[in-house]
Amino acid sequence: MKFNTKTIHGGQKPEEATGAVMPPIFQTSTFAQSSPGVHKGYGYARGANPTRTALENSFAAIENGTHGFAFSSGMSAIDCVLRLLNPGDEVIAGDDLYGGTYRMFTQLFKKYGLEFTFVDMDSVTNVTDAINERTKLVWLETPTNPLMKIADIEAISTAVKDVNSDILISVDNTFATPYLQQPLTLGADIVMHSATKYLGGHSDLIMGALIVKDAKLADDIHFIQFAAGAIAGPMDSFLALRGIKTLHLRMQRHCENGKAVANFLKNHPKVGLVYYPGFESHPNHEIAKKQMKDFGGMVSFHLKDKSKEATFKFLENTHLFTLAESLGGVESLANHPTTMSHASIPEPERLKIGITDSLIRLSVGIEDEEDLLKDLEQALNR
């Protein structure tokens, strides 16, 4: 199937008992057994639930994987990946990460004996030079949150596997979605999503996803998920599956509006640097053009007046761009990384890579382009 068809039909079939086109919400914790250990594939809902199974099949289909897993949040999905490792193992990650990921790495798993090395993934050699005998995982986020840096998934995966084929490559594909890029096809072992964002698409659920192609890796992930219990519930699974069915349509508009907003900001006299991989001037533009279908709906920027007062004034005066955490919903959102999504990263580390108090991150929704640009114009001119 082509991608647009996969979002609707991938891994799906009518429900067997009634022929329901959409999988019902199986709001149950347990399932009847005809004899001890003999059941219809479902015993206890922590292990599997038919609504969640339908969603996980969809996850696998749209990411060109064979096994999908739905978690209670994006962070619980990342937690599961790290539980594949052992004390003393090392993770190499990009130097621009979602604040929650950085917090989990440095404040939670570091005290359990994992080591973390952060490198600029603009260069493949920065990654390979950091590899040692303890390296077991390379964690990519591309585009990055919030500076919109692009890592070359195929080049990094190939180079790392050439050094040690046992090192796992995991990609946070939240910003791009499988509509724009499919990391498993480019050599990654694991794809992670905060399905709260674009996959759900309507700001009405919290969920994470992992997708893999290797059967042994899938077994390991399923064991951790079952044993730790960080599963998505049936109602949220139903909502996420409904969201995926319009992912391709929404992403087309997100990309169109994102491009319009980025160009508007780039040409506005009160706006300074704009971070958007669709610009030819973006240092990773050629990589983005190679591995992504389009450039997405995320845009970050600084005002020329870099004072905190000017930044807050803009954020307090948008109408359609709601000041709120998260991203990827149908509505446009504005975010202040240093006080919101990246507040958990120590200030010296933020400043080192350019996350300052003047940075603003926009999640451009699917509203009318003209209305969005008017909203930005009036907020900039307050």
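A few words on helix α8 (residues 215-228). Residue pairs three or four apart in sequence face the same way in an α-helix, which turns once every 3.6 residues. Under the 1.5 Å per step criterion, the end-to-end length of α8 is 20 Å for 14 residues, consistent within 8% with the ideal 20 Å. All buried positions along α8 are accounted for by L217, A218, I221, I224 and Q225. For α8, the angular spread of buried residues about the axis comes to 130°, placing them on one side. Residues of α8 that are exposed and angled more than 90 degrees away from the buried face: K216, D219, F223 and A227.

The subject of this paragraph is the sheet that holds strand β10 (residues 322-323). Across a sheet, paired strands are connected by hydrogen bonds in the backbone, their directions being either parallel or antiparallel. Taken together, the five strands give an open sheet; going across it, the order is β8-β9-β12-β11-β10, and neighbouring strands pair in mixed fashion. Edge positions in the sheet fall to β8 (271-275) and β10, since each of these pairs with one other strand and no more. Across three bridges, β8 lies against strand β9 (residues 298-303) in antiparallel orientation. What sits directly across from V271, in β9, is L303. Of the strands in this sheet, β9, β10, β11 (333-335) and β12 (359-363) touch helix α12 (residues 308-316), which is tilted by about 135° from β9.

Averaged over the chain, the pLDDT score is 97; the fraction of residues at 70 or greater is 100%. Ranking the elements of the chain by mean pLDDT puts helix α13 (residues 347-353) last with 91 and strand β7 (residues 208-212) first with 99.

Interaxial distance between helix α3 (residues 74-82) and helix α4 (residues 99-109) falls to 11 Å at its minimum, and their mutual angle equals 45°. Overall, the two elements α3 and α4 adopt an arrangement that is oblique. As α3 packs across α4, the resulting crossing turns out to be right-handed. Each of M75, I78, D79 and L82 in α3 lies in contact with α4, whose residues at this interface are G100, T101, M104, F105 and F109. Of the residues belonging to the contact of α3 with α4, the class tally is six nonpolar, two polar and one charged.

Moving on, we come to unusual backbone geometry. Note that the residue after T142, namely P143, is joined by a cis bond; omega there is -5°. Checked against the element boundaries, P143 lands in the loop between β4 (135-141) and α6 (153-163). Put simply, N145 and P146 share a cis peptide bond, and its omega is 15°. At T177, a residue that is not glycine, the phi angle is positive and equals roughly 65°. Taking the relative accessible area as the measure of exposure, T177 reaches 1% and is therefore buried.

What follows deals with the pattern of salt bridges. Scanning all chains against the criterion turns up 15 salt bridges. Between D89 and K136 there is a salt bridge, with the nearest N and O atoms lying 4.0 Å from each other. Of the two residues, D89 is situated in the loop between α3 and β2 (90-94) and K136 in strand β4; the sequence distance between them amounts to 47 residues. Given the relative accessible area of 11%, D89 is considered buried.

With respect to the helices and strands, L362 occurs in strand β12. Under the relative-accessibility criterion, L362 is labelled buried at 0%. Separated by 63 residues in sequence, L362 and V299 place their C-alpha atoms 5.2 Å apart. The residues touching L362, leaving out its near neighbours within four places in the chain, are V261, L265, G297, M298, V299, F301, F321, L333, A334 and L376.

Turning our eyes to something else, we now look at the sheet that holds strand β1 (residues 67-71). Here seven strands make up an open sheet; going across it, the order is β1-β7-β6-β5-β4-β2-β3 and the pairing mixed. Bordering the open sheet on either side are β1 and β3 (115-119), each of which pairs with just one other strand. Taken over all neighbouring pairs, the strand axes of this sheet differ in orientation by 20° on average, direction set aside. Packing against the sheet, α6 makes contact with β4 and β5 (168-172), and its axis sits at approximately 160° to β5.

Time to look at the pairing of β3. Direction of pairing for β2 relative to β3: parallel, over a ladder of five bridges. Among the inter-strand pairings, V91 is bridged to a residue of β3, identified as F116. This β-α-β element, β2 to α4 to β3, shows right-handed connectivity.

Bringing the packing of aromatic side chains into the picture now. Summed over all chains, the structure comprises nine aromatic pairs. Ring geometry for F3 against Y179: centres 5.8 Å apart, planes inclined by 65°, an arrangement best described as edge-to-face. In this pair, F3 is assigned in helix α1 (residues 3-9) and Y179 in helix α7 (residues 177-180), connecting sequence segments 176 residues apart. Note on accessibility: F3 and Y179 belong to one class, buried. Between Y102 and F118, the ring centres sit 5.2 Å apart and the planes meet at 35°, which makes this aromatic pair tilted. Here the residue Y102 occupies a position in helix α4, and F118 occupies one in strand β3, the gap between them amounting to 16 residues. Note on Y102: relative accessible area 14%, which makes it buried. Here the aromatic cluster, defined as three or more aromatic residues joined through ring pairs, consists of F105, F116 and W139. Its end group placed over the ring of F279, K266 keeps NZ or CZ at 4.4 Å from the ring centre.

Rules used in this analysis
- Residues numbered from 1 in each chain as written.
- Predicted model: local features only at pLDDT ≥ 70, side-chain atom pairs only at ≥ 80, totals over all residues.
- Heavy atoms only, no water.
- Helix = DSSP H or I, 4+ residues; strand = E, 2+ residues; numbered from the N terminus.
- Expected span 1.5 Å × (residues − 1).
- Buried < 20%, exposed > 50% of the residue type's maximum accessible area, 1.4 Å probe, protein only.
- Arc of directions from axis to C-beta.
- Pairing = 2+ DSSP bridges.
- Contact = heavy atoms within 4.5 Å.
- Axes fitted to C-alpha atoms, helices over the stretch in contact; angles between N-to-C directions.
- pLDDT = per-residue confidence, 0-100.
- Parallel < 35°, antiparallel > 145°, perpendicular 65-115°, else oblique.
- Left-handed = near helix turned anticlockwise from the far one by under 90°.
- Nonpolar A, V, L, I, M, F, W, Y, C, P; charged D, E, K, R; others polar.
- Salt bridge = Lys/Arg side-chain N within 4 Å of Asp/Glu carboxyl O.
- Right-handed = clockwise from strand over helix to strand, strands pointing away.
- Phe/Tyr/Trp six-rings, centres within 6.5 Å; stacked < 30°, edge-to-face > 60°.
- Lys NZ or Arg CZ within 6 Å of the ring centre and 35° of its normal.

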